[in-house]
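So the chains spell out like this:
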Amino acid sequence: MAVIRPFQGVRPAKELASSIAALPYDVYDRKEAKKAVDFNPLSFLKIDRAETQFAADIDMYSQTVYDRAKDTLDEMRADGSFIQDDTDCYYIYALTMDGRTQTGLVGCASIDDYLENRIKKHENTREDKELDRTRHVDTLSAQTGPIFLAYHARPELTQIIDSVKLTAPLYDFTSEDSVRHQVWKISRTDYIQRIPLLFQEIDDIYIADGHHRAASAVKAGLKRREQHPGYTGNEEFNYFLSVLFPAEELKIYDYNRVVTDLNGYTFHEFLNLLRSGFEVTECGKSAYHPTCKGEIGLYGNGSWYCLRANPFLYSDDPVNSLDVSILQNVVLGPLLNIRDPKTDSRIRFIGGIRGIAALEEIVDDAGDGAAFAMYPTSMEELLRVADAGRLMPPKSTWFEPKLRSGLLIHLFEQ
């Protein structure tokens, strides 16, 4: 049974929230992050990506950069840009995009629940990426980027959240990407006492997005345990900042693929090879977006095609039955010799939020290769993989809208 507990949130002054809130640190490359901070000096990226405050030749992983992040957070707390609530609270964070709203409960999850797999994962993490955020969390003694978790909805918990949403929000603004962000504080004593009990009735919680942030937060917490061998388990470093959404409210977008060459085949030869596993239908110049599981859109040589996977390619296996697995196991690996899509430079992954036209543009600019438009992985498929203790193939899910960093911060030490 998972532990989700309240905390004394550090958060922006109301009039600064829209300026401070920023997309997650890993959405940007270094130049993009620097440009964003230059454009908006209040952006939380100057803390999440503190190398933006230095010349371009500084090592972005030097301790000087992490120290600057801590100094900046301390300065913004001192000048009133950030304030801290004086009692433990839960918070509600609602995001609305294209008329669809997903509402999450903000609290702190237990690193023990992560270690003991009560918080289930579906993705491998890379040690180099973990190290960066672990050092960031450890230096700041704070978690600045929330982990995106999912759970199966409970009526009583939904009723509590809905009742709080009837009150005036702490923040209500629309970001530059047309996403509306609203935050409420739950400070009623009866709600704060009841919410952790409701989560104890929920058997499983899942990481939807933020595996590296979660792993880093846990490693930072374990480091503090080593430094404090008499820890009780109640210290803040035993928990990490999370936003928990009902799985039923979440939407996964397609994560598409572009390959830069066809492994020596002409496009016509490649198309004929595909016919052994797929029903191939030419769609002409009109972009084809798959309409159901089992369909893949193919673009190459100036035309679109619909690939319908033959039923014999599927099984009851929760991983191998994913469309992204079919593409990898039947096409990318055996035909194009892309054995490890995580490291092969011949493949690019394009989030569905960019649209189908982006795939055409990349292939046309390259003058070769092909693009594969995928039908989105479903939440049911993701949870099935996690429940089986398995891992999703790389780049299987793209969640939108993205959570903003800087709206709520969880401090280790006060």
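Preceding this paragraph is the structure being described.
Calculation criteria
- Residues numbered from 1 in each chain as written.
- Predicted model: local features only at pLDDT ≥ 70, side-chain atom pairs only at ≥ 80, totals over all residues.
- Heavy atoms only, no water.
- Helix = DSSP H or I, 4+ residues; strand = E, 2+ residues; numbered from the N terminus.
- Buried < 20%, exposed > 50% of the residue type's maximum accessible area, 1.4 Å probe, protein only.
- Contact = heavy atoms within 4.5 Å.
- Areas by Shrake-Rupley, 256 points an atom, 1.4 Å probe, with all protein chains shown as cover.
- Lys, Arg positive; Asp, Glu negative; His and termini not counted.
- Charge placed at Lys NZ, Arg CZ, Asp CG, Glu CD.
- 1 Å grid on protein atoms, 1.4 Å probe; cavity = no way out; pocket = protein on both sides within 12 Å on 5 of 7 lines; lining within 4 Å.
- Points joined across faces, edges and corners; volume = space filled by probe spheres on them.
- Nonpolar A, V, L, I, M, F, W, Y, C, P; charged D, E, K, R; others polar.
- Pairing = 2+ DSSP bridges.
- Salt bridge = Lys/Arg side-chain N within 4 Å of Asp/Glu carboxyl O.
- Axes fitted to C-alpha atoms, helices over the stretch in contact; angles between N-to-C directions.
- Parallel < 35°, antiparallel > 145°, perpendicular 65-115°, else oblique.
- Left-handed = near helix turned anticlockwise from the far one by under 90°.
- Core = buried A, V, L, I, M, F, W, Y, C linked by side-chain atoms within 4.5 Å.
- Expected span 1.5 Å × (residues − 1).

Helix and strand content of the protein chain: 13 helices and 21 strands. With the C-alpha coordinates aligned to their principal axes, the bounding extent of the protein chain is approximately 65 × 50 × 45 Å. A burial count over the protein chain gives 56% of its 414 residues as buried. Long-range pairs, those at least 24 residues apart, make up 77% of the contacts in the protein chain with a sequence separation of at least 6. Summed over all atoms, the accessible surface of the protein chain reaches about 17,900 Å², with 49% contributed by carbon and sulfur. Taken as two groups, the 47 positive and 63 negative side-chain charges of the protein chain have centres that lie 1 Å from each other.

Below, the discussion takes up empty space enclosed by the protein. Here the structure, examined in full by the defined rule, presents four cavities of 30 Å³ or more. In this model, the largest cavity occupies a volume close to 120 Å³. Breaking the lining of the largest cavity down by element, the ones donating at least two residues are helix 6 (127-140), helix 9 (211-227) and strand 12 (239-246). Per element, the largest residue contribution to the lining of the largest cavity is three residues, and it comes from helix 6. A per-class count over the lining of the largest cavity returns six nonpolar, four polar and three charged. Looking at the second largest cavity, its volume works out to about 70 Å³. For the second largest cavity, the full set of lining residues is P24, G145, P146, F148, D209, R213, K402, L403, R404 and S405.

Our next topic: the pairing of strand 16 (residues 295-300). Within strand 16, six of the six residues are buried, which leaves it mostly tucked inside the rest of the structure. Residues E295, G297 and Y299 point to one face of strand 16 and I296, L298 and G300 to the other, with burial holding for every one of them. Here strand 16 runs beside strand 17 (residues 303-309); their pairing, made up of six bridges, is antiparallel. Across the sheet, the residue bridging to I296 is L307, located in strand 17. Count of turn residues in the strand 16/strand 17 antiparallel hairpin: two residues, of which N301 carries a positive phi of about 55 degrees. Sheet topology places strand 16 next to strand 19 (residues 370-374); four bridges connect them, and they run antiparallel. Following the sheet pairing, L298 is matched in strand 19 by F372.

One number sums up the size of the second largest pocket: a volume of about 190 Å³. Lining the second largest pocket are 15 residues, and of these Q328, N329, P341, P393 and P394 sit closest to its centre. The residue inventory of the lining of the second largest pocket, partitioned by class, reads seven nonpolar, four polar and four charged.

Throughout the structure, instances matching the rule amount to 29 salt bridges. When the shortest N-O distance is used, the salt bridge between R404 and E176 registers 3.7 Å. Of this pair, R404 sits in the loop between strand 20 (398-399) and strand 21 (410-411) while E176 sits in the loop between strand 9 (171-174) and strand 10 (180-186), placing them 228 residues apart in sequence. In this structure, K293 engages E381 in a salt bridge whose closest nitrogen and oxygen atoms are separated by 2.9 Å. One end of the pair, K293, is in the loop between strand 15 (278-284) and strand 16; the other, E381, is in helix 13 (residues 379-387), and 88 residues separate them in sequence.

Time to look at the packing of helix 6 against helix 9. Helix 9 packs onto helix 6 with a crossing angle of 55 degrees between their chain directions and a minimal axis gap of 8 Å. When the axes of helix 6 and helix 9 are compared, the pair comes out oblique. In the packing of helix 6 onto helix 9, the handedness of the crossing is right-handed. Residues E127, K129, E130, R133, T134, V137 and D138 of helix 6 lie in contact with helix 9, whose contacting residues are H212, A215, S216, K219, A220, K223 and R224. A per-class count over the contact of helix 6 with helix 9 returns three nonpolar, three polar and eight charged.

Let us now look at the nonpolar core. Core analysis: the largest hydrophobic core is formed by 68 residues, its most contacted members being V259, F270, L274, F278, L298 and F372. Residues in contact with V259, not counting those within four places in the same chain, are L332, L336, I338, R346, I347, D368, G369, A370 and F372. Formed by 33 residues, the second largest nonpolar core is a distinct cluster that contains A94, A109, I195 and V218.

Our next topic: helix 6. Over its 14 residues, helix 6 extends 20 Å from the first C-alpha to the last, a length consistent with the 20 Å expected when each residue adds 1.5 Å. Those residues of helix 6 lying buried are E130, D132, R133, T134, H136, V137, D138, T139 and L140. Where helix 6 is buried, its residues contact helix 3 (45-48), helix 4 (63-78), strand 7 (142-143) and helix 9. Following helix 6 by one or two positions, S141 adopts a phi angle in the positive range, close to 50 degrees.

So, about the side chain of H212. Among the secondary structure elements, H212 is positioned in helix 9. Those residues in contact with H212, other than ones at most four positions away along the chain, are E123, N124, T125, R126, K129 and E130.

For the rest of this paragraph, the subject is the packing of helix 4 against helix 6. Between helix 4 and helix 6, the least distance of the axes is 9 Å, while the angle of their chain directions is 45 degrees. By the angle class used here, helix 4 and helix 6 are oblique. Considering only the axes of helix 4 and helix 6, their crossing is right-handed. Two secondary-structure elements touch here, helix 4 through Q63, Y66, D67, A69, K70 and L73 and helix 6 through D132, R135, H136, T139 and L140. Residue composition of the contact of helix 4 with helix 6, grouped by class: four nonpolar, three polar and four charged.

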